[in-house]
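# Examining the three-dimensional arrangement
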Amino acid sequence: MNQGLFISIEGPEGAGKTTIINLLASLLGDEGFQVVVTREPGGIEIAEQIRGVILNKENTAMDARTEALLYAAARRQHLVEKVRPSLVDGKIILCDRFIDSSLAYQGYARGLGIDEVLSINQFAIEDMMPSLTLYFDLDPEIGLDRISKNSGREVNRLDLENLEFHQRVREGYLLLTERFPERIVKIDSSKEIEQVLQEAREKIGQLITKLRP
């Protein structure tokens with residue numbers, strides 16, 4: 001595979017994205033692929049600074065549109081500085097969250113409208129979309145319970161939202177899986193981690209096989 005590959009990993013809070021991403025990176029690296037692990041918002045210095053503003057637990061007065069615009073701004077800078085250059089170098093990018101997070105969280109759960117938030121982000125990303133999105137589906141109650149038991153995990157402003165908000169986030173994601181079935185693959189992340197990892201690796205393997213000359 002000579003061309004790079006952009007894969008985003010999505011899911012509600014506590015779905016295990018970070019754990020699976022790191023395991024996938026290790027597996028793919030052992031197979032000889034060059035892998036870049038990154039995250040949104042963040043991944044590069046400017047975007048990490050924006051992340052600090054968005055997720056600061058003290059910023060409770062942040063307007064939903066401000067939040068959506070900040071995510072789009074961080075996404076643009078991350079794309080320009082990290083994602084595009086990595087693709088040119090032929091690397092596999094595993095990105096913890098991308099545009100679908102904005103559509104589910106701000107578009108649906110915050111009530112701004114999926115299409116409205118999509119338009120903001122289309123300006124930010126131009127034509128750059130992941131070749132594959134793995135959506136780790138999980139009941140919000142289970143996810144929030146996992147977070148409460150993980151003392152080493154960063155607790156951010158979104159984690160502090162009520163259960164109803166997180167349920168709307170999941171509803172938003174499920175709508176997106178129906179809207180973009182050619183790109184988004186749903187994986188049940190309530191299963192054992194080995195099963196989730198195996199299914200995720202299989203989906204990536206199918207894409208790599210398809211793209212090989």
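Residues numbered from 1 in each chain as written. Predicted model: local features only at pLDDT ≥ 70, side-chain atom pairs only at ≥ 80, totals over all residues. Heavy atoms only, no water.

- As annotated in an unreviewed UniProt entry, the protein carries the name Thymidylate kinase and comes from Mesobacillus persicus.
- Of the comments in the UniProt record for the protein, the one headed Catalytic activity (unreviewed entry) reads "dTMP + ATP = dTDP + ADP".
- Recorded in UniProt under Sequence similarities (unreviewed entry), the annotation for the protein is "Belongs to the thymidylate kinase family." (UniProt positions renumbered as here; feature names shortened; annotations may be inferred.)

### Remarks on the overall build of the protein
- Helix and strand content of the protein: 8 helices and 5 strands.
- A compact globule built from 213 residues would reach a C-alpha radius of gyration of about 17 Å, and the protein, at 16 Å, matches this within 12%.
- The dimensions of the protein, computed from C-alpha atoms along their principal axes, are 50 × 35 × 35 Å.
- Looking at the protein as a whole, 49% of its 213 residues are labelled buried.
- Within the protein, contacts between residues at least 6 apart in sequence are counted, and of these 80% link residues at least 24 apart. (Helix = DSSP H or I, 4+ residues; strand = E, 2+ residues; numbered from the N terminus. Rg over C-alpha atoms; globule rule 2.2 N^0.38 Å. Buried < 20%, exposed > 50% of the residue type's maximum accessible area, 1.4 Å probe, protein only. Contact = heavy atoms within 4.5 Å.)

### Considerations on the side chain of R97
- Within the secondary structure, R97 sits in the loop between strand 3 (92-96) and helix 4 (99-109).
- Only 3.2 Å separates the side chain of R97 from the side chain of Y105, close enough to count as a polar contact.
- With residues up to four places along the chain from it excluded, the contact list for R97 reads I9, E10, G11, P12, E13, K17, E40, Y105 and Y173. (Polar contact = N/O pair within 3.5 Å; in protein donor to acceptor, adjacent residues only side chain to side chain.)

### Notes on the packing of aromatic side chains
- Under the definition given, this model contains 4 aromatic pairs.
- For the ring pair F6 and F98, a centre distance of 5.0 Å and an interplane angle of 80° mean the geometry is edge-to-face. Here F6 is found in strand 1 (residues 5-10), whereas its partner F98 is found in the loop between strand 3 and helix 4, with 92 residues between them in sequence.
- The interplanar angle of 55° and the centroid separation of 6.1 Å between the aromatic rings of Y105 and F165 together place this pair among those described as tilted. Highlighted residues: Y105 in helix 4 and F165 in helix 7 (residues 163-179), separated in sequence by 60 residues. (Phe/Tyr/Trp six-rings, centres within 6.5 Å; stacked < 30°, edge-to-face > 60°.)

### Regarding the UniProt feature "binding site: ATP" (unreviewed entry) in the protein
- In this numbering, the UniProt entry assigns the feature "binding site: ATP" (unreviewed entry) to G11, P12, E13, G14, A15, G16, K17 and T18.
- Positionally, P12 belongs in the loop between strand 1 and helix 1 (17-30).
- Setting aside anything within four residues of it in sequence, one finds P12 in contact with R97, Y105, Y135, F136, L138 and Y173.
- On the accessibility criterion, K17 (10% relative accessible area) is buried.

### Description of helix 6 (residues 140-149)
- Taken together, the buried positions of helix 6 are P140, G143 and I147. Looking straight down helix 6, one finds that the buried residues subtend no more than 65° of arc, so they occupy a single side. Seen from the buried face of helix 6, the exposed residues on the opposite side, beyond 90 degrees, are S148 and K149.
- At the N-terminal end of helix 6, a side-chain oxygen is found 2.8 Å from the backbone nitrogen of E141, two or three residues along, and the residue is D139. (Arc of directions from axis to C-beta.)

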